[in-house]
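# Structural features, examined
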Amino acid sequence: MWGALGEFSLGGRDPGLASIAEPWVFEKLVSLDDAGELKPLLAARVERLSGDAILVELRRDATFTDGTPVTDEDVIRSLQPSGLRVTRAETGLLIESRGRGLPADALLLQAHVFRESAGKLMGSGPFVVAGKTDTELHLVRRQPQPGRVNDVRLAAYPTPRDAFAHTLKGDANVIVDLESRWLEFFRGVPSLRIVRGSGHGTDAIMLNGKLARSERLRLAQVLASQQVRELAYGDAECSEKDGSNQGAALPPGAPLRILSWGPFERLALAARRALGDRGGDVTQVRPEEALARMRAGDFDMVTGRPFRWPPSSMALVWRSDAPDNLFGYSNPDLDRAIDARDWSAAEAALRDDPPAAFICTRGQLAIVDARIKNPRLGPYDVLESLPDWEVDQ
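Worth saying up front: this structure is predicted, and the values here are computed from it rather than measured.

Moving on, we come to the packing of aromatic side chains. One pair of aromatic rings is described through two measures. These are the centre distance and the angle between the planes. Applying the stated criterion to the full structure yields 11 aromatic pairs. One aromatic cluster is present, built from ring pairs that chain together Phe 299, Trp 318, Phe 327, Tyr 329 and Phe 358. Over the aromatic face of Phe 358 sits the side chain of Arg 308, whose NZ or CZ is 4.0 Å from the ring centroid.

Laid out in structure tokens, this is it:
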């Protein structure tokens with residue numbers, strides 16, 4: 001990984017990079033399959049009911065790290081901080097959102113089940129934390145299994161380039177969320193292989209809500225173009241192929257500053273080029289600094305990958321006063337569409353009053369040690385299946 005590890009957030013705000021390991025330690029009730037349907041994890045069965053309710057039956061073989069069973073009470077207590085209401089039903093647990101504007105499934109996908117004991121949090125996942133420093137998180141499997149990954153060290157390097165270089169040298173066995181232009185360096189390396197998976201996240205450039213709607217509309221036209229996609233990602237990386245915005249131009253004005261972080265530097269540079277005389281300074285910062293500057297409104301544009309899949313997740317980012325709405329965006333038409341669970345109307349509202357230029361939707365991408373026999377990348381949590389990976393003996 002790259003950047004500061006941070007701490008587990010358990011569905012809270014501002015998750016650190018360590019959160020990629022949360023599903024291995026603290027299970028979720030559900031995740032998503034490639035079609036966007038809820039699939040059970042800690043749950044034995046999941047069913048969508050009418051309206052916004054979800055019925056979950058808990059898996060009865062699950063235990064926490066101290067050997068005690070996971071109970072309905074643990075689920076109820078764990079999900080409450082995530083904005084969910086959980087009540088017992090005849091055949092399981094009924095889960096609903098406590099706020100009409102935030103869909104229950106979007107909140108549930110971010111919630112982990114845990115129990116607190118003696119001031120420490122326990123999970124029911126296959127791994128436990130064995131140690132942590134500022135630059136490494138060490139996890140071991142609760143019950144070692146032959147032929148599986150039993151020991152994981154999540155190593156944090158200062159920048160994406162450092163993480164890339166150390167993986168290429170053989171210091172790391174897996175790297176995710178890397179720029180596609182780096183793939184050519186890994187081709188032909190016998191100890192590593194390129195692994196792809198279905199992906200639904202859209203790389204975007206978010207726009208400061210203080211910019212006029214007319215300017216945001218024109219910016220979205222200029223940036224969400226085939227020109228920017230080819231500059232940032234090359235050919236055939238993005239599912240979007242519409243080049244109709246080619247040649248759109250911005251009216252004169254002050255240069256627009258672009259804030260970038262992590263694997264989005266090339267996207268930021270492509271955006272500056274597309275903006276011509278309106279392209280201002282590109283500043284590459286750490287993720288935590290990007291968050292701080294977004295909250296302070298100290299940016300004109302910022303790169304990122306906001307939730308858009310499943311469609312209900314857009315409510316967490318773009319609905320007025322939503323928990324992840326860091327951009328001051330407010331659109332009554334979007335709020336009404338979200339409250340009605342009309343996702344087509346919600347997408348139309350985003351196009352009519354764009355908070356961002358949605359540029360490139362591409363598959364998940366990882367470089368994985370060739371000794372891993374069946375690495376699969378999840379469509380929602382990219383390394384969700386790591387505990388099931390098999391290793392050549």
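What follows picks up the thread again.
One finds Met 301, Trp 318, Leu 334 and Ile 359 to be the most contacted residues of the largest nonpolar core, which totals 62 residues. Among the elements that make up this core, the one with the highest residue count is helix H8 (residues 265-275) (6 residues). Look past the residues within four positions of Leu 334 in its chain and what remains in contact with it is Met 314, Trp 318, Arg 319, Tyr 329, Ala 346, Ala 349 and Leu 350.

Mapped onto the secondary structure, His 138 falls in strand E10 (residues 136-141). A distance of 2.8 Å separates polar atoms of two side chains, one belonging to His 138 and the other to Asp 151. Excluding residues that lie within four positions of it along the chain, His 138 makes contacts with Val 128, Val 129, Ala 130, Gly 131, Asp 151, Val 152 and Arg 153.

Right, let's talk about the packing of helix H7 (residues 226-233) against H8 for a bit. Two quantities define a packed helix pair, namely the angle between the axes and the distance from one axis to the other. In contact at an axis separation of 8 Å, H7 and H8 are set at 140° when each is read in the N-to-C sense. By the angle class used here, H7 and H8 are oblique. As H7 packs across H8, the resulting crossing turns out to be right-handed. Mapping the contact onto sequence places Gln 227, Val 228, Leu 231, Ala 232 and Tyr 233 in H7 and Arg 266, Leu 267, Ala 270, Arg 273 and Ala 274 in H8. Here the contact of H7 with H8 is composed, by residue class, of 7 nonpolar, 1 polar and 2 charged.

Bringing the environment of Phe 186 into the picture now. Mapped onto the fold, Phe 186 is located in helix H5 (residues 183-186). For Phe 186, a relative accessible area of 2% corresponds to the buried category. For the pair Phe 186 and Leu 168, spaced 18 residues apart in the sequence, the C-alpha separation amounts to 7.0 Å. Not counting the four nearest positions on each side in its chain, Phe 186 is found in contact with Phe 164, Thr 167, Leu 168, Leu 178, Leu 192 and Ile 367.

As enumerated under the stated definition, the model contains 35 salt bridges in all. Between Arg 88 and Glu 73 there is a salt bridge, and its shortest N-O distance comes to 2.4 Å. Placement of the pair is Arg 88 in strand E5 (residues 84-89) and Glu 73 in helix H2 (residues 72-79), with a sequence separation of 15 residues.

About the criteria used
- Residues numbered from 1 in each chain as written.
- Predicted model: local features only at pLDDT ≥ 70, side-chain atom pairs only at ≥ 80, totals over all residues.
- Heavy atoms only, no water.
- Phe/Tyr/Trp six-rings, centres within 6.5 Å; stacked < 30°, edge-to-face > 60°.
- Lys NZ or Arg CZ within 6 Å of the ring centre and 35° of its normal.
- Core = buried A, V, L, I, M, F, W, Y, C linked by side-chain atoms within 4.5 Å.
- Buried < 20%, exposed > 50% of the residue type's maximum accessible area, 1.4 Å probe, protein only.
- Helix = DSSP H or I, 4+ residues; strand = E, 2+ residues; numbered from the N terminus.
- Contact = heavy atoms within 4.5 Å.
- Polar contact = N/O pair within 3.5 Å; in protein donor to acceptor, adjacent residues only side chain to side chain.
- Axes fitted to C-alpha atoms, helices over the stretch in contact; angles between N-to-C directions.
- Parallel < 35°, antiparallel > 145°, perpendicular 65-115°, else oblique.
- Left-handed = near helix turned anticlockwise from the far one by under 90°.
- Nonpolar A, V, L, I, M, F, W, Y, C, P; charged D, E, K, R; others polar.
- Salt bridge = Lys/Arg side-chain N within 4 Å of Asp/Glu carboxyl O.

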